[in-house]
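Given next are the chains, with one letter for each unit.
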Amino acid sequence: MNPNFTSVYESPQRKACMEIRLVLDAVGLSAQVSQSNGFWRVLVREDQLGIALQEVSSYQEEKRATLSKRPTQIISMSKGVIESVIAFAFAIIVCSFVGWSSSGGEAFTDAGLVDAGLVQKGEFWRCVTALTLHLDLPHLLSNLVFGALFIVIAGKWLGGGVASL
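Residues numbered from 1 in each chain as written. Predicted model: local features only at pLDDT ≥ 70, side-chain atom pairs only at ≥ 80, totals over all residues. Heavy atoms only, no water.

Comments concerning the pairing of strand S3 (residues 39-45)
When you tally the buried positions in S3, you get five out of seven residues, the bulk of the element. One ladder, built from six bridges, connects strand S2 (residues 31-36) with S3; its direction is antiparallel. Residue pairing across strands places serine 34 opposite arginine 41, the latter belonging to S3. Counting the residues between successive antiparallel strands, the hairpin from S2 to S3 contains two residues, one of them, asparagine 37, with a positive phi of roughly 55°. (Buried < 20%, exposed > 50% of the residue type's maximum accessible area, 1.4 Å probe, protein only. Helix = DSSP H or I, 4+ residues; strand = E, 2+ residues; numbered from the N terminus. Pairing = 2+ DSSP bridges.)

Examining the environment of tryptophan 100
Relative to the helices and strands, tryptophan 100 resides in helix H3 (residues 81-100). Residue classification places tryptophan 100 among the partly exposed positions, given a relative accessible area of 31%. Aside from chain neighbours lying at most four places away, what touches tryptophan 100 is His134, Leu135, Asp136, Leu137 and Leu140. (Contact = heavy atoms within 4.5 Å.)

Regarding the side chain of arginine 41
Its place among the elements puts arginine 41 in strand S3. Classification of arginine 41 as buried rests on a relative accessible area of 14%. Separated by 3.1 Å, the side chains of arginine 41 and glutamate 10 make a polar contact. Among residues more than four places away in sequence, those in contact with arginine 41 are Ser7, Tyr9, Glu10, Cys17, Gln32, Val33, Ser34 and Ser36. (Polar contact = N/O pair within 3.5 Å; in protein donor to acceptor, adjacent residues only side chain to side chain.)

Some words on a nonpolar patch on the surface
On the surface, Val145, Leu149, Val152, Ile153, Trp157, Leu158 and Val162 cluster together to form a nonpolar patch covering roughly 730 Å² of accessible area. It is helix H7 (residues 137-158) that provides the largest number of residues to the nonpolar patch, a total of six residues. Within the secondary structure, leucine 149 sits in helix H7. (Patch = residues over 30% accessible without salt bridge, like charges linked within 9 Å, V, L, I, M, F, W, Y side chains within 5 Å. Areas by Shrake-Rupley, 256 points an atom, 1.4 Å probe, with all protein chains shown as cover. Salt bridge = Lys/Arg side-chain N within 4 Å of Asp/Glu carboxyl O.)

Brief notes about the packing of aromatic side chains
The final tally for this structure, using the stated rule, is one aromatic pair. Arginine 14 extends its terminal NZ or CZ atom over the ring of tryptophan 40, reaching a point 5.6 Å from the ring centre. (Phe/Tyr/Trp six-rings, centres within 6.5 Å; stacked < 30°, edge-to-face > 60°. Lys NZ or Arg CZ within 6 Å of the ring centre and 35° of its normal.)

What to know about the environment of alanine 31
Its location among the elements puts alanine 31 in strand S2. For alanine 31, a relative accessible area of 8% puts it in the buried group. Sequence separation between alanine 31 and serine 164 is 133 residues; the distance between their C-alpha atoms is 57 Å. Once you skip the residues sitting within four places of it in the chain, alanine 31 turns out to touch Arg21, Leu24, Asp25, Val42, Leu43 and Val44.

Thoughts on the sheet that holds strand S1 (residues 5-11)
Pairing in this open sheet of three strands is antiparallel, and the strands run S1-S3-S2 from one edge to the other. Edge positions in the open sheet fall to S1 and S2, since each of these has one partner strand only. Each neighbouring strand pair of the sheet contributes to a mean axis angle of 35°, computed without reference to strand direction. Across six bridges, the pairing between S1 and S3 is antiparallel. Along S3, the bridge assignment pairs phenylalanine 5 with arginine 45. Docked against the sheet, helix H2 (residues 49-69) engages S1 and S3, running at close to 15° with respect to S1. (Axes fitted to C-alpha atoms, helices over the stretch in contact; angles between N-to-C directions.)

Printed below as a string of structure tokens:
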């Protein structure tokens, strides 16, 4: 260690010392960072020690005050997300049970299946109606979970209605 320099701050983390060095550099004090015995140290010239200690102290107080004023972020959902998840789940469950029922289920499934030839002939709704058909309960449940998660995540930024679409 240079005898003309003395430690003004030390930490086991290099990043913390580099931050303090930046603060001292910003006010025109020449500082160095060195490591020894597992600690990082910020060194300043002995004739600048008083000013450096004051600057470090002021910076740390300001940093603590800023951190204490920082609001805690509360995870909130956009308007309509819960309602959209409920509507999505209701629609998918109803469509699945209608498709699985013995009365009209086969007609419902036939009307919803994607058939490339029919889509090319103008039955474009089949691209959407096929999304309501589910083979069995595990298939339905997995789509409900994924769909609900998607609506919640996308709804955070887009709103529930747009995410549902």
